[in-house]
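For reference, the chains in residue letters:
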Amino acid sequence: MNIEEFREYCLSFKGVHEKMPFPNVPDQYSRDVLCFYVADKWFCFVNIEIFDFCCIKCNPDESGELQTEYAGIKPGWHMNKKYWISVYFNQDVSDDKIKELVSKSYDIVVKSLTKKERVSVWDCKKSSSAFRSFISNILSIVFIFSSDVLCWGMFYIFHSVHYSIPLPDKNF
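Residues numbered from 1 in each chain as written. Predicted model: local features only at pLDDT ≥ 70, side-chain atom pairs only at ≥ 80, totals over all residues. Heavy atoms only, no water.

1. Comments concerning a negative patch on the surface
As a reminder, the rule being used: Candidates for patches are residues over 30% relative accessible area with no salt bridge; among them, like charges are joined within 9 Å and nonpolar side chains (Val, Leu, Ile, Met, Phe, Trp, Tyr) within 5 Å. For the accessible areas, the method is Shrake-Rupley and the probe is 1.4 Å, while residue cover comes only from the protein chains on display. Between Lys or Arg on one side and Asp or Glu on the other, a salt bridge is scored when a side-chain nitrogen of the former is within 4 Å of a carboxyl oxygen of the latter. Charge assignment: positive for Lys and Arg, negative for Asp and Glu; neither His nor the chain ends contribute. Note that the charge is assigned to NZ on lysines, CZ on arginines, CG on aspartates and CD on glutamates. Put simply, DSSP marks the helices as runs of H or I at least four residues long and the strands as runs of E at least two long, and each gets a number from the N terminus on.
Where like charges cluster on the molecular surface, the negative patch consists of Glu 4, Glu 5, Glu 8, Asp 95 and Asp 96. Ranked by residues supplied to the negative patch, first place goes to helix α1 (residues 3-11) with three residues. In this structure, Asp 95 sits in helix α4 (residues 95-112).

2. Quick notes on the pairing of strand β4 (residues 53-57)
To keep it simple, the criterion reads: Working definition: with a 1.4 Å probe on protein chains only, accessible area under 20% of the residue-type maximum means buried, over 50% means exposed, and in between means partly exposed. Pairing between two strands requires that DSSP report at least two bridges joining them.
With respect to burial, β4 is a largely interior element, four of its five residues being buried. Relative to β4, strand β3 (residues 41-47) is paired through three bridges, and the arrangement is antiparallel. If you follow Phe 45 over to β4, its bridge partner there is Cys 55. Connecting β3 to the antiparallel partner β4 that follows it, the hairpin turn spans five residues, and Phe 51 within it adopts a positive phi of roughly 45°. With five bridges connecting them, β4 and strand β6 (residues 84-88) associate as antiparallel partners. Bridged to Cys 55 within β6 is Ser 86.

3. Considering the packing of aromatic side chains
Basically, it comes down to this: Aromatic rings from Phe, Tyr and Trp, taking only the six-membered ring of Trp, are treated as a pair when their centres fall within 6.5 Å; an angle between ring planes under 30 degrees marks them as stacked, one over 60 as edge-to-face, and anything in between as tilted.
Scanning the model with the defined rule gives 18 aromatic pairs in all. Aromatic side chains Tyr 29 and Trp 77 sit 5.1 Å apart centroid to centroid with 75° between the ring planes, which places their arrangement in the edge-to-face category. Separated by 48 residues along the polypeptide, Tyr 29 in helix α2 (residues 28-31) and Trp 77 in the loop between β5 (73-75) and β6 bring together distant segments of the chain. Given a relative accessible area of 25%, Trp 77 falls into the partly exposed group. When the ring of Phe 53 is compared with that of Tyr 88, the centres are 5.0 Å apart and the planes differ by 40°; the resulting orientation is tilted. Of this pair, Phe 53 sits in strand β4 while Tyr 88 is found in strand β6, placing the two residues 35 residues apart along the sequence.

4. What about the nonpolar core?
Rule in force here: Residues enter a nonpolar core if they are buried and are Ala, Val, Leu, Ile, Met, Phe, Trp, Tyr or Cys, with the set joined through side-chain atoms within 4.5 Å.
Counting residues in each nonpolar core, the largest one holds 30 residues, and the members touching the most others are Phe 6, Phe 36, Phe 43, Val 46, Cys 54 and Val 87. Going through the elements one at a time, α1, β2 (33-38), β3, β4, β6 and α4 are the ones with two or more residues in this core. Membership of the second largest hydrophobic core comes to eight residues, among which are Cys 35, Tyr 37, Phe 53 and Trp 84.

Shown next as structure tokens:
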């Protein structure tokens, strides 16, 4: 796995954004750290220049077992060793296992969010787009069985509200 594939994978989760939070620190390694956030909390970070390991959140009960099983999993670099692990690329940890651990890290952080934060994570464009598509399909079915002006009016109002189409000044 390379940095582009890893970055794409991390950004594939709902509500994730990335940021390089340390542009002004003297340490070059830290300046090149890219963090992946859900809401305002980290679930993973990686150095984009060296791409030697990623640091991810981990269940404390699972952390010790993973470190025993894999030489490429160590306590989290610069993080709370109880809750974070560093997973080294190109060692004995497969890409699939790394993806699984990143996914678990994301889930741990999402579960720690407040209800309001979780709602904002799940209420993203994909969800609202799917809802609009569902409503459009329902309205299309209504049109198949009825050519009533009321149905066309409902269709036009729905699309004007959700797609910012201005309503006409006169009756349609």
